[in-house]
There are 2 protein chains.
Amino acid sequence: MSEQQLPDGEYTLNVVDIGIDTHQEPVAFLREDSHVCSAEGFSANTRIELTAGSHRILATLNIVDRSLLPQGHVGLSKIAMAQLDAEPGEVVTIGHAPVLESLAALRKKIYGGVLSDNELNAIIGDISSHQYRDIEIASFLSVCAGNRLNTAEIVSLTNAMVHSGKRLNWPGHDKVFDKHCIGGVPGYRTTPLVVSIVSAAGHLMPKTSSRAITSPAGTADTMDTLTQVNLHLEEIRQVVNTTGACLVWGGAVNLSPADDLMIRIEHALDIDGEGQLVASVLSKKIAAGSTHVLIDIPVGETVKVRSQAAGRRLAALFVKVGQACGITVRCVLTDGSRPVGHGIGPVEEARDLLAVLQCQPGAPRDLRERSLALAAQLLDFAEGGGLTAAREKAVAILESGDAWQQFQRIIQAQGGLKPLPEAGFQYQQPAGVCGRIAAIDNRRLARLAKLAGAPFSPSAGLRLNVNVGDRVEPDTVLFSLFSETRGEQHYALEYYAGNRDMFRLQAAQEGESP
Amino acid sequence: MSEQQLPDGEYTLNVVDIGIDTHQEPVAFLREDSHVCSAEGFSANTRIELTAGSHRILATLNIVDRSLLPQGHVGLSKIAMAQLDAEPGEVVTIGHAPVLESLAALRKKIYGGVLSDNELNAIIGDISSHQYRDIEIASFLSVCAGNRLNTAEIVSLTNAMVHSGKRLNWPGHDKVFDKHCIGGVPGYRTTPLVVSIVSAAGHLMPKTSSRAITSPAGTADTMDTLTQVNLHLEEIRQVVNTTGACLVWGGAVNLSPADDLMIRIEHALDIDGEGQLVASVLSKKIAAGSTHVLIDIPVGETVKVRSQAAGRRLAALFVKVGQACGITVRCVLTDGSRPVGHGIGPVEEARDLLAVLQCQPGAPRDLRERSLALAAQLLDFAEGGGLTAAREKAVAILESGDAWQQFQRIIQAQGGLKPLPEAGFQYQQPAGVCGRIAAIDNRRLARLAKLAGAPFSPSAGLRLNVNVGDRVEPDTVLFSLFSETRGEQHYALEYYAGNRDMFRLQAAQEGESP
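Below or above, wherever it landed, is the structure these notes cover. (Residues numbered from 1 in each chain as written. Chains lettered and ligands numbered in written order. Predicted model: local features only at pLDDT ≥ 70, side-chain atom pairs only at ≥ 80, totals over all residues. Heavy atoms only, no water.)

Another point: the sheet that holds strand 9 (residues 177–181) of chain A. Residues and elements named next belong to chain A. The strand order across the open sheet built from 3 strands is 9-12-13, with neighbouring strands paired in parallel fashion. Bordering the open sheet on either side are strand 9 and strand 13 (328–335), each of which pairs with just one other strand. The mean angle between the axes of side-by-side strands here comes to 20°, regardless of whether they run parallel or antiparallel. Sheet topology places strand 9 next to strand 12 (residues 292–299); 5 bridges connect them, and they run parallel. Paired with Asp178 across the strands is Val293, a residue of strand 12. (Pairing = 2+ DSSP bridges. Helix = DSSP H or I, 4+ residues; strand = E, 2+ residues; numbered from the N terminus. Axes fitted to C-alpha atoms, helices over the stretch in contact; angles between N-to-C directions.)

Here it is, written out as structure tokens:
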């Protein structure tokens, strides 16, 4: 079948899977001599609309040489094939993309305007239906970062993100608990521990987590190395009904899908704006049916939140937006001055989790203590009675093995425990000098783990052998570096060579005892 | 030759021109089973560095099926081929893209920070050497829009943009004149008229113009329909030495190349921020060697500058930044409340220009009057003596035919007059009702001309048969619409059907005389 013009200025062509993975932005490919190009004035980068059956997408046009496509055909990138739900050879209709009305609202925000509920709904609706180009999403995120959203806008954004996707609800439960950590502290993987303890105490905790945005691992990345996390809605319901909890990836169940599309660009730009952060976190919680949410805000010089004052401001914002959206939020400010645990990266963090749950002697004590403190906050939130009693209860649940039993039940319900892979390339970094570790730069340590391949390569990352306060000799190993490819190992070590001061060492004082 | 790993973690592959036009963002294509992909951890959207001889580029990776590329080869998009200056079959080296230090400065600006001279230099340097992705340029432009650059930043940005490209100088001339209009008024194409008059009076006016950013035509688009505008530096020098002026496109001579790369994204996002605007305009003028610049700022409800106060603020900014950059700037606020001239779009505006220069009886009077007023400003700027005398001189130069002679000399020196093309599709829009035209929405009128295909299709656009204040009958033609394709005509008329109130009509009052 060949290219045909329809009466109303649209054209039909046959689909070819052109075999190109353009990541999330749908791209359509037309021949330079295609009739539709000259008739419609299409050129490279034109936005076009494609319709196949009941599916309709917008795509960016690339123009290709004659050798790449037969006449009368349009090539689609992999994401465009998937979104249009098209089969090779299927007939699609092509026309100019309509003017997206919500782009006027985006421009209003670019120029410093305040957006209404309707305007934010329109933007988020268009993003979640894949109508925005990457440059438009980048523009939106950039002008919303840096405290440029007021509280009403953040509330609107949160609600719009909730409405953009599916919602879970938990009939028969009037309190549904959740926790979230703002992140920025490498290795601080408490969620699976807290969920195990709190749900072992009988409280509902259906936990959906995100993957890393700018860090070497998110809880979903870590859990992915231990079990199945891409569960459907029905499967999640079943896991939660069986065990009282789950530890799954939120993206697979289409909760707040706009958020996932935005996170991809936040990741590429390495930004994480405050309003966007609050809306992203709370929209996932609300969509997951939570009623009571604990937010953990680490504060430190080299994490996202750098001062107690900034932490309190963010905490107040979380509580206020939560209230406006109908949920109860409690925030705790925690120590973000140093890494927590030994492992950094999905698999290495999973090893730490298992060690704490199994009460192994070598388990990282800081990770254990801080998970207990957070679990105590949630138990107090759920039961009242004060933090001291709640902490005692948390310790008892962990030490009795109940938490480990409960973790295994959850893993079992999600599909069973996977063996943890070993990284193909390992390297031990000696200190090279004598001294005491005065500080560790969380940000650069995280970057080192990312350059080693985390989180995309699950076994990539670091294992810290030292932490702040430790004395080192020249041959003391600072960390082991794990990579799945030689290129990444090379790249990470090159970065470390230029950033050795991420471990700040104080020279050993004369006469100081070792 | 096949894929080879070099000792330092880089790989060599042979180049294939994959025949895909991805517009300005360089894209590289690797097979999914390519050794370099698995060894280096490359996936779709990874940023990679390619080196061929002395050329080095960054590109975004797309992963392709085996059928599209032979083993050991890397496909390059057209812009990547051009930037790398690579021949098919040539050997290129591939590795991870280095961390771009200037992205830290971009993030600082995203979070509301103030950028230093060095930081803006680094950003503009990386943009002009094609190291930024489109999403990064979009982010930078978005967070600089809406008065988010202070004066010092705009000065730094202007200087950085000047330094990013070539510079012209005019030995033997201590005053070099230029003019620029902020735009937003459809049909307001005074530059070629002003340049002809002022240079006929003996003042040096080497005019480099831009193409349209968000309007249906820029001066370069209009001049392109009349003569050659893509001149090399040496050719421009020759035209100016021969005639005392030129009317060329600035982009072809690599003046402020970063600006051209940013304008492409501004165009796609349909934004035009104030600081960016001042830096863009002044950097082109400074790079072109101008010493005295007249800035025309139209003010009206439906143009870029909406109030006298905003106009004065922008004027003050232009003067201040100009001064800091070492040039003299004069600004005039003009009437932006209604379209000027009859034609909108490159060719239709060219017809108006010729009519005014040739003193034809049907020439648009408003275009003539306003060009004379601007020419008078420049003559006064150059010679002193007051605006009244200057205007008389401008009128004399136009009416004597000297301006038309001078225009022809310039055109001749640039390569001769081209015949103006006729649009293939024409449509006359009747008013449909009785009344008086109370207002015309410049913004929507411009969009109508753009939907008809302007400026990419030069003969596309509008010819207005009426303007504000005119009385119309149902069969009075409001405008003729010109398109080069049926699709664009259809698309534009569909937009007009939904936006008839871009012509605001007052019903004829009973007893009112016609």
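This part covers the interface of chain A and chain B. Counting from both sides, the interface comprises 54 residues of chain A and, opposite them, 54 residues of chain B. When chain A packs against chain B, close to 4500 Å² is buried across both sides, 57% of that on carbon and sulfur atoms. For Asp270(B), the salt bridge is made with Arg107(A), and the minimal N-O distance between the two is 3.9 Å. For the pair chain A and chain B, the number of links is 18 residue pairs in polar contact (both at pLDDT 80 or more). Looking at the side of chain A that touches chain B, the elements with two or more residues in it are strand 3 (20–21), helix 1 (35–40), strand 6 (55–64), helix 3 (102–110), helix 5 (134–144), helix 10 (257–269) and helix 18 (486–497) of chain A. Counting residues per element, the side of chain A that touches chain B draws most heavily on helix 5 of chain A, at 7 residues. Partitioned by chemical class, the residues of the side of chain A that touches chain B number 21 nonpolar, 17 polar and 16 charged. Looking at chain direction, strand 6 of chain A and strand 3 (residues 20–21) of chain B are connected through 2 bridges and run antiparallel. Paired with Ile63(A) across the two strands is Asp21(B), which belongs to strand 3 of chain B. (Contact = heavy atoms within 4.5 Å. Buried area = accessible area lost by both parts, 1.4 Å probe. Salt bridge = Lys/Arg side-chain N within 4 Å of Asp/Glu carboxyl O. Polar contact = N/O pair within 3.5 Å; in protein donor to acceptor, adjacent residues only side chain to side chain. Nonpolar A, V, L, I, M, F, W, Y, C, P; charged D, E, K, R; others polar.)

Residue and element names in this part refer to chain A. The full count for this structure, using the stated rule, is 8 aromatic pairs over all chains. Note on Trp404 and Phe407: the rings are 6.2 Å apart at their centroids and 20° apart in plane angle, and the pair reads as stacked. Of this pair, Trp404 and Phe407 both sit in helix 16 (residues 402–414), 3 residues apart, which is roughly one turn of that helix. Judged by relative accessible area, which is 18%, Trp404 ranks as buried. Here the aromatic cluster, defined as three or more aromatic residues joined through ring pairs, consists of Phe479, Tyr496 and Phe503. Taking the ring centre of Trp249 as reference, the NZ or CZ of Arg211 above it sits at 4.9 Å. (Phe/Tyr/Trp six-rings, centres within 6.5 Å; stacked < 30°, edge-to-face > 60°. Buried < 20%, exposed > 50% of the residue type's maximum accessible area, 1.4 Å probe, protein only. Lys NZ or Arg CZ within 6 Å of the ring centre and 35° of its normal.)

All names here are of chain A. Along the chain, Phe42 falls in the loop between helix 1 and strand 5 (47–52). Residues Phe42 and Ile63, spaced 21 residues apart in sequence, show a C-alpha to C-alpha distance of 9.0 Å. Sequence-distant contacts of Phe42, defined by excluding residues within four places in its chain, comprise Leu30, Val36, Cys37, Ile48, Leu61, Ile94, Gly95 and His96.

Okay, the layout of surface pockets next. Residue and element names in this part refer to chain B. Its volume calculated, the second largest pocket comes out at about 240 Å³. Taken together, 13 residues line the second largest pocket, and the ones lying closest to its centre are Glu301, Ser337, Ala439, Ile440 and Arg504. The element contributing the most residues to the lining of the second largest pocket is strand 16 (residues 435–440), with 3 residues. The residue makeup of the lining of the second largest pocket, split by class, is 5 nonpolar, 2 polar and 6 charged. (1 Å grid on protein atoms, 1.4 Å probe; cavity = no way out; pocket = protein on both sides within 12 Å on 5 of 7 lines; lining within 4 Å. Points joined across faces, edges and corners; volume = space filled by probe spheres on them.)

Residues Phe140(A), Phe140(B) and Phe318(B) are the most contacted members of the largest nonpolar core, which totals 109 residues. Apart from residues lying up to four places away in sequence, Phe140(A) is in contact with Leu106(A), Leu120(A), Ile123(A), Ile124(A), Ile127(A), Leu157(A), Met262(A) and Gln276(A). (Core = buried A, V, L, I, M, F, W, Y, C linked by side-chain atoms within 4.5 Å.)

Further remarks concern helix 4 (residues 117–128) of chain B. Residues and elements named next belong to chain B. Across its 12 residues, helix 4 extends 16 Å between first and last C-alpha, which sits within 8% of the 16 Å expected from 1.5 Å per residue. Of the positions making up helix 4, those classed as buried are Leu120, Ile123, Ile124, Asp126, Ile127 and Ser128. Close packing links the buried residues of helix 4 with helix 3 (102–110), helix 5 (134–144), helix 6 (151–163) and helix 10 (257–269). Residue His130 follows helix 4 closely and has a positive phi angle near 60°. (Expected span 1.5 Å × (residues − 1).)

What follows concerns the pairing of strand 16 (residues 435–440) of chain A. Sheet analysis places strand 16 of chain A next to strand 18 (residues 471–472) of chain A, joined by 2 bridges and oriented antiparallel. From the neighbouring strand, Arg436(A) faces strand 18 of chain A, where its bridge partner is Arg471(A).

Here the focus is the packing of helix 17 (residues 442–451) of chain B against helix 18 (residues 486–498) of chain B. Residue and element names in this part refer to chain B. Following both chains from N to C, one finds helix 17 and helix 18 inclined at 160°, their axes separated by 8 Å at the closest point. Judged on the interaxial angle alone, helix 18 and helix 17 are roughly antiparallel. Contacts from Arg444, Arg447, Leu448 and Leu451 in helix 17 reach Glu488, Tyr491, Ala492, Tyr495 and Tyr496 in helix 18. Among the residues forming the contact of helix 17 with helix 18, the class breakdown is 6 nonpolar, no polar and 3 charged. (Parallel < 35°, antiparallel > 145°, perpendicular 65-115°, else oblique.)

Turning our attention to the sheet that holds strand 18 of chain A. Read across the sheet, 3 strands follow the order 18-16-20 (chain A) without closing on themselves; strand pairing throughout is antiparallel. The sheet is open, and its two borders are formed by strand 18 and strand 20 (503–506) of chain A, each paired with just one other strand.

Note: most peptide bonds trans; most residues except glycine with negative phi. In the segment running from Ala454(A) into Pro455(A), the intervening peptide bond is cis, with an omega of 0°. Residue position: Pro455(A) is located in the loop between helix 17 (442–451) and strand 17 (461–464). In this model, Asn147(B) sits at a positive phi of 60°, which is unusual for a non-glycine residue. Topologically, Asn147(B) is positioned in the loop between helix 5 and helix 6. Assessed through its relative accessible area of 48%, Asn147(B) is described here as partly exposed. Located in the positive-phi region is Ser256(B), a residue other than glycine, with phi close to 50°. Among the secondary structure elements, Ser256(B) is positioned in the loop between strand 11 (245–249) and helix 10.

For the rest of this paragraph, the subject is helix 8 (residues 219–226) of chain B. Residue and element names in this part refer to chain B. Burial of helix 8 is extensive: 7 of the 8 residues sit out of reach of the surface. All of the buried residues along helix 8 are Thr219, Ala220, Asp221, Thr222, Met223, Thr225 and Leu226. If you follow the buried residues of helix 8, they end up packed against helix 7 (191–200), strand 10 (205–209), strand 11, helix 13 (346–357) and helix 16 (402–414).

Expressed as a screw operation, the relation of chain A to chain B combines 0.0 Å of axial shift with a rotation of 180°, fitting to an RMSD of 0.1 Å. Here the symmetry operator amounts to a two-fold rotation axis. (Least-squares fit on C-alpha atoms with pLDDT ≥ 70 in both.)

Residue and element names in this part refer to chain B. For the pair helix 8 and helix 13, the least separation of the axes is 8 Å and the interaxial angle reads 75°. Between helix 8 and helix 13, the interaxial angle falls into the category roughly perpendicular. Seen from helix 8, the contacting residues are Asp221, Thr222, Thr225 and Leu226; seen from helix 13, they are Pro346, Val347, Glu349, Ala350, Leu353 and Leu354. In the contact of helix 8 with helix 13, the residues fall into 6 nonpolar, 2 polar and 2 charged.

Residue and element names in this part refer to chain B. In this structure, Ser290 sits in the loop between helix 11 (274–287) and strand 12 (292–299). Looking at Ser290, its side chain comes within polar contact range of the side chain of Asp178, at 3.1 Å. Those residues in contact with Ser290 that lie beyond four places of it in its chain are Val176, Phe177, Asp178, Lys285 and Ile327.

Taken as a whole, this structure holds 58 salt bridges over all chains when the rule is applied. For Lys78(A), the salt bridge goes to Asp65(B), with nearest N and O atoms at 3.2 Å. Here the residue Lys78(A) occupies a position in helix 2 (residues 78–84), and Asp65(B) occupies one in the loop between strand 6 (55–64) and strand 7 (73–76), the pair thus bridging two chains. For Lys78(A), a relative accessible area of 32% translates into the label partly exposed. A salt bridge links Arg264(A) to Asp134(A); the nearest nitrogen and oxygen atoms lie 3.2 Å apart. Of the two residues, Arg264(A) sits in helix 10 while Asp134(A) sits in helix 5, which places them 130 residues apart along the sequence. Connected via shared salt-bridge partners are Arg211(A), Asp221(A), Asp224(A) and Lys418(A).

Assignment of secondary structure puts Ile110(A) in helix 3. Residue contacts for Ile110(A): discarding those within four places in its chain leaves Ser139(A), Val143(A), Ser142(B), Ala145(B), Gly146(B), Arg148(B) and Ile271(B).

Coordinates in, geometry out; function isn't part of it.
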